[in-house]
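# Structural characterization, general
What follows is each chain in one-letter form.
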Amino acid sequence: MPTLAKPWTDAVLAAETERYLTDATFRREVLEASLTNPDNVYAMTRLSGYGLEGRGWEMLPEWTPTTTVIDDDYVAALQSGAPVTIAAHAEPLWDGKSPENMSQWVALGKRVFYEYPLRSEVFAEHALRSEKLAGSIGLQPDENGVWPGVIAFQTLDGASEIGITCALCHVSLDEGSSIVGEARRDLDYGEMRLAYYRDTGATLAEDVRARMSRWGPGRADITQDDDEDPVAIVDLWGVRDHEYLTQSGTIHQIHPAALAIRQETQLLHANQERIRPPRELAWALAMYVYSLTPPEMQAAPLTAAETRGKELFSQHCNHCHRDKNHGGLPVAAASIGTDPVLANGSARGTGLYRPTPLTRVANAAPYLHDGTVRTLESLLDAKRSIPGHRYGTKLPKADRDALVAFMETL
Ligand code: HEC
Ligand code: HEC
């Protein structure tokens, strides 16, 4: 199995670049070895298309999009009825030269994260054209007057359209300040789509409407299947240390190529399997994700309550939440007892849930994979109505408070 021992320092990552870029057999091996459940739709789609020499997705044309960043002026023009256009001087977001060091890889990955469209999205265009709608579903400018997550790009057919990017879900915004890697928990992706159908009168099947209206902010169903399993957007802190990726542990991150392949196939699949991103861009995107760190916290010695909470955590929580980020190896969903739909779903189910990494967990509400528990206090409250994850709920109030106090330091 092509496993790379951790820790993955930048030097270790850099040494693996060539293999991912040039060795199709290696990529195929990593794909096969990294899929936790080869029988879910996520895995089957990839096994049938990826890393096959001379066939499958290998044959798709590489595509580097030409994009124009959406800023306040651009949005003002859209709101006064202007068509979507690409700036006259716009160039493809990558010049085709392979980066030479880690900081160049990360810089390229940042561009991909902000600018490579997952697909064209009329719903986002519609929302941008209405000041009120944009704000109410979580589209906003950042500190530079740029609107992360939406981009104007030139399609394969030469049209100019609005597309969505990684930054739509993975950059949080609060009145002009942005945190890259933090889940955009006020993004109401379901409502963004529903508003389009409502306002344009386009037809939408009643069951689809009902599903989308149940997502609410901070959750999205990012798989195209019939399962109803919207999940909470996750923070991208410490991803290079995660043993497994996604909340149902769909991908065993045995090698950085496992993340690069996830990103390569996500971009390819989301773009209707008409193109594939150059491998350099997928690798760069993985390096950028690995570079993300949470906002600094003021270092302070633990208080008495926090120290007590830390002890309780090692008694009651550590056997699952045991790694560097207080996450851990996936466990049977049935034993956790939370809503099993995602874990058992045909889309990316594994029968498992991953103990959630707890870095900056105080800012990560609502909790659990489906975002159903509002506060840390209620997660530890025996009287809560949401089922599952009963750990710590039988402890006396003072101990539960101490656990919360400790988690707030993470
Ligand atoms: C529409 C919202 C949305 C967009 C756009 C999006 N993601 Fe995500 N992302 C999610 C959700 C929701 C999850 C959680 C999935 C799960 O747990 O099954 C996730 C999970 C992830 C993970 C796994 C993290 C972990 O802890 O396991 C990574 C890495 C990631 N996304 C990176 C990206 C990148 C890179 C892009 C752009 C190519 C992107 N995402 C685009 C919503 C989105
Ligand atoms: C048997 C393994 C196990 C034990 C023991 C355990 N957890 Fe968890 N924890 C999980 C799993 C799995 C999840 C994800 C469940 C889901 O999303 O449905 C989780 C999720 C969480 C979350 C949600 C984080 C978020 O951002 O959504 C918090 C907080 C948490 N655990 C804290 C604790 C605390 C505190 C304890 C000890 C009192 C504890 N856990 C004990 C496995 C465990």
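Residues numbered from 1 in each chain as written. Chains lettered and ligands numbered in written order. Predicted model: local features only at pLDDT ≥ 70, side-chain atom pairs only at ≥ 80, totals over all residues. Heavy atoms only, no water.

Taken as a whole, this structure holds 21 salt bridges when the rule is applied. Residues Arg19 and Glu16 are paired through a salt bridge, measuring 3.1 Å at the closest nitrogen-oxygen approach. One end of the pair is Arg19 and the other is Glu16, both in helix α1 (residues 10–22) and three residues apart, which spans about a single turn. Classification of Glu16 as buried rests on a relative accessible area of 11%. A salt bridge links Glu121 to Arg193; its shortest N-O distance comes to 3.9 Å. Linking Glu121 in the loop between β2 (119–120) and α6 (122–128) with Arg193 in helix α9 (residues 189–200), this pair joins segments that are 72 residues apart in sequence. (Salt bridge = Lys/Arg side-chain N within 4 Å of Asp/Glu carboxyl O. Helix = DSSP H or I, 4+ residues; strand = E, 2+ residues; numbered from the N terminus. Buried < 20%, exposed > 50% of the residue type's maximum accessible area, 1.4 Å probe, protein only.)

With that out of the way, let us pick up the packing of aromatic side chains. Scanning all chains against the criterion turns up 11 aromatic pairs. Arranged with centres 5.3 Å apart and planes meeting at 25 degrees, the rings of Tyr20 and Trp283 form a pair that is stacked. Here the residue Tyr20 occupies a position in helix α1, and Trp283 occupies one in helix α12 (residues 279–291), the gap between them amounting to 263 residues. We note that Tyr20, like Trp283, is buried. Aromatic side chains Tyr189 and Trp215 sit 6.2 Å apart centroid to centroid with 20 degrees between the ring planes, which places their arrangement in the stacked category. (Phe/Tyr/Trp six-rings, centres within 6.5 Å; stacked < 30°, edge-to-face > 60°.)

All right, on to the side chain of Thr68 then. With respect to the helices, strands and loops of the structure, Thr68 is situated in strand β1 (residues 67–71). For Thr68, the side chain forms a polar contact with the main-chain nitrogen of Ala87, separated by 2.8 Å. Setting aside residues up to four positions removed in sequence, Thr68 forms contacts with Tyr74, Thr85, Ile86, Ala87, Ala90, Ile151 and Ala152. (Polar contact = N/O pair within 3.5 Å; in protein donor to acceptor, adjacent residues only side chain to side chain. Contact = heavy atoms within 4.5 Å.)

Every protein donor of the iron atom of ligand 2 is listed here as His321 (NE2) and His389 (NE2), and their distances to the metal cover 2.0 Å. Metal-centred angles of 87 to 180 degrees between the six donor atoms at the iron atom of ligand 2 mark the site as octahedral. In this pair, His321 is assigned in the loop between α13 (304–316) and β11 (331–332) and His389 in the loop between α16 (376–379) and α17 (397–407), connecting sequence segments 68 residues apart. In this pair, the class of His321 matches that of His389, namely buried. (Donors = N, O, S within 2.8 Å, 3.2 Å for Na, K, Ca; no water. Tetrahedral: all angles 85-135°; square planar, octahedral: opposite > 155°, others 65-115°.)

Let's shift gears to the packing of helix α3 (residues 41–49) against helix α11 (residues 256–270). Helix-helix packing is characterised by the crossing angle of the two axes and by the distance between the axes. Orientation of α3 relative to α11, taken along the N-to-C sense of each, is 90 degrees, at an axis distance of 12 Å. In terms of axis orientation, α3 runs roughly perpendicular to α11. Contact residues: α3 offers Tyr42, Thr45 and Arg46, while α11 offers Arg262, Thr265, Gln266 and His269. Classifying every residue of the contact of α3 with α11 by side-chain character gives one nonpolar, four polar and two charged. (Axes fitted to C-alpha atoms, helices over the stretch in contact; angles between N-to-C directions. Parallel < 35°, antiparallel > 145°, perpendicular 65-115°, else oblique. Nonpolar A, V, L, I, M, F, W, Y, C, P; charged D, E, K, R; others polar.)

Turning our eyes to something else, we now look at the pairing of strand β5 (residues 171–174). Bridge analysis of β5 against strand β6 (residues 177–180) gives four bridges, and the strand direction is antiparallel. Residue Val171 lies in a different strand from β6, and its bridge partner there is Val180. Hairpin remark: β5 followed by β6, antiparallel, with two residues in the connecting loop; positive phi at Glu175, about 40 degrees. (Pairing = 2+ DSSP bridges.)

What follows deals with the site of ligand 1. Contacts to ligand 1 come from 23 residues, most closely from Cys166, Cys169, His170, Thr246 and Gln247. In this structure, an oxygen atom belonging to ligand 1 sits 2.6 Å away from a main-chain N or O atom of Thr246. Every element with two or more residues in the shell around ligand 1 is listed here: α8 (167–170), β8 (231–232) and α11. For the shell around ligand 1, the leading source of residues is α11, giving five residues. For the shell around ligand 1, the class distribution of residues is 13 nonpolar, seven polar and three charged. (Near = heavy atom within 4 Å.)

It is worth spelling out the site of ligand 2 at this point. For ligand 2, the set of nearby residues contains 23 residues, the closest of which are Cys317, Cys320, His321, His369 and His389. Contact distances for ligand 2 include 2.8 Å between an oxygen atom and a backbone N or O atom of Leu368. Contacts to ligand 2 include His369, whose backbone N or O atom sits 2.7 Å from an oxygen atom. Contributing elements (two or more residues each) for the shell around ligand 2: α16 and α17. Per-class residue counts for the shell around ligand 2 are 14 nonpolar, eight polar and one charged.

The pairing of strands in a sheet happens through backbone hydrogen bonds and is either parallel or antiparallel. With antiparallel pairing, the four strands of this open sheet are ordered in space as β1-β3-β4-β2. Sheet topology places β1 and β2 at the edges, where each strand pairs with a single neighbour. Examined bridge by bridge, β1 and strand β3 (residues 146–154) share four bridges and lie antiparallel to one another. Note on β3: the bridge partner recorded for Thr68 is Ala152. Contacts from helix α4 (residues 72–79) reach β1, β3 and β4 (160–164), with the element oriented near 85 degrees to β1.

It is common to give the size of an interface as the accessible area that goes away when the parts come together. When its domains are assigned, the protein resolves into domain 1 (67–291) and domain 2 (304–407). Centre-to-centre, using C-alpha coordinates, domain 1 lies 28 Å away from domain 2. Counting residues at the interface gives 26 residues for domain 1, matched by 25 residues for domain 2. Each partner contributes to the roughly 2100 Å² buried at the junction of domain 1 and domain 2, and carbon and sulfur atoms together form 52% of this total. (Domains from an automatic or database assignment. Buried area = accessible area lost by both parts, 1.4 Å probe.)

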